[in-house]
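Each chain is listed here by its residues.
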Amino acid sequence: MAFTKTTTPTALAGIIVTSTSLNSTPNNNVTGNTSGKIYQIQIDNSVNPDTMAYVKVADAASASAATTIAKWILPIRGGQKMTYIMDVGVAYSSGVSIWCTSGPGTGSEGNVRNALTFSMLAS
């Protein structure tokens, strides 16, 4: 399933982005905006019980898993679900591109065995 974007009442953040197929292929400008704030990211890696995953979020309209430096790298242990809360929001100024790899570093393109589920509240 591709990423989906849903507009919500602005009191809730304004945009919900979801995907059930997050992998090492970057999903570019998932909010559709060039600037805004991220308020919450939820990652579900329960489909990979023995594999650590690293969700990478770039302040960029487009990204390459091989060369783009992520602004945030969010680790998630195998078999777990994690929610990251940014209570006042974390600003982005170019767009939001997201992907997931089996390694934490820039240039890591290793794919996890099964795609992760991802959701984000943003504006």
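Everything numeric in this text was worked out from a predicted model, so none of it was measured.

A. Up close: the overall build of the protein. Assigned secondary structure in the protein consists of zero helices and eight strands. Along the protein, helices (α) and strands (β) appear in the sequence β-β-β-β-β-β-β-β when read from the amino end. Its C-alpha atoms give the protein a radius of gyration of 13 Å, within 12% of the compact-globule value 14 Å for 123 residues. The principal-axis extent of the C-alpha atoms belonging to the protein is close to 40 × 25 × 25 Å. Here the protein, with 123 residues, has 44% of them falling under the buried criterion. Sequence separation of at least 24 residues holds for 76% of the intrachain contacts in the protein that already meet a minimum separation of 6. Counting every atom, the protein has about 5,900 Å² of accessible surface; 51% of that belongs to carbon and sulfur.

B. Region of the structure containing the confidence of the model for the protein. Overall, the predicted model of the protein reaches an average pLDDT of 91, with 94% of residues at or above 70. Within the protein, the lowest mean pLDDT, 71, falls on strand S1 (residues 4-7), and the highest, 97, falls on strand S4 (residues 53-59).

C. Region of the structure containing unusual backbone geometry. Here the phi dihedral of asparagine 29 falls at roughly 40°; this positive angle occurs in a residue that is not glycine. Mapped onto the elements, asparagine 29 comes out in the loop between strand S2 (15-22) and strand S3 (36-44).

D. Expanded view of the sheet that holds S4. Taken in spatial order, the three strands of this open sheet run S5-S4-S7, and their pairing is antiparallel. Edge positions in the sheet fall to strand S5 (72-76) and strand S7 (96-101), since each has one partner strand and no second. Adjacent strand axes in the sheet meet at a mean angle of 20°, parallel and antiparallel pairs treated alike.

E. Main features of the pattern of salt bridges. Taken as a whole and judged by the stated rule, the model has one salt bridge. Two residues, aspartate 59 and lysine 71, come together in a salt bridge whose shortest N-O distance is 3.9 Å. Here lysine 71 lies in the loop between S4 and S5 and aspartate 59 lies in strand S4, a separation of 12 residues in the sequence. By relative accessible area, aspartate 59 is classed as partly exposed at 21%. On the accessibility criterion, lysine 71 (46% relative accessible area) is partly exposed.

Criteria and cut-off values
Residues numbered from 1 in each chain as written. Predicted model: local features only at pLDDT ≥ 70, side-chain atom pairs only at ≥ 80, totals over all residues. Heavy atoms only, no water. Helix = DSSP H or I, 4+ residues; strand = E, 2+ residues; numbered from the N terminus. Rg over C-alpha atoms; globule rule 2.2 N^0.38 Å. Buried < 20%, exposed > 50% of the residue type's maximum accessible area, 1.4 Å probe, protein only. Contact = heavy atoms within 4.5 Å. Areas by Shrake-Rupley, 256 points an atom, 1.4 Å probe, with all protein chains shown as cover. pLDDT = per-residue confidence, 0-100. Pairing = 2+ DSSP bridges. Axes fitted to C-alpha atoms, helices over the stretch in contact; angles between N-to-C directions. Salt bridge = Lys/Arg side-chain N within 4 Å of Asp/Glu carboxyl O.

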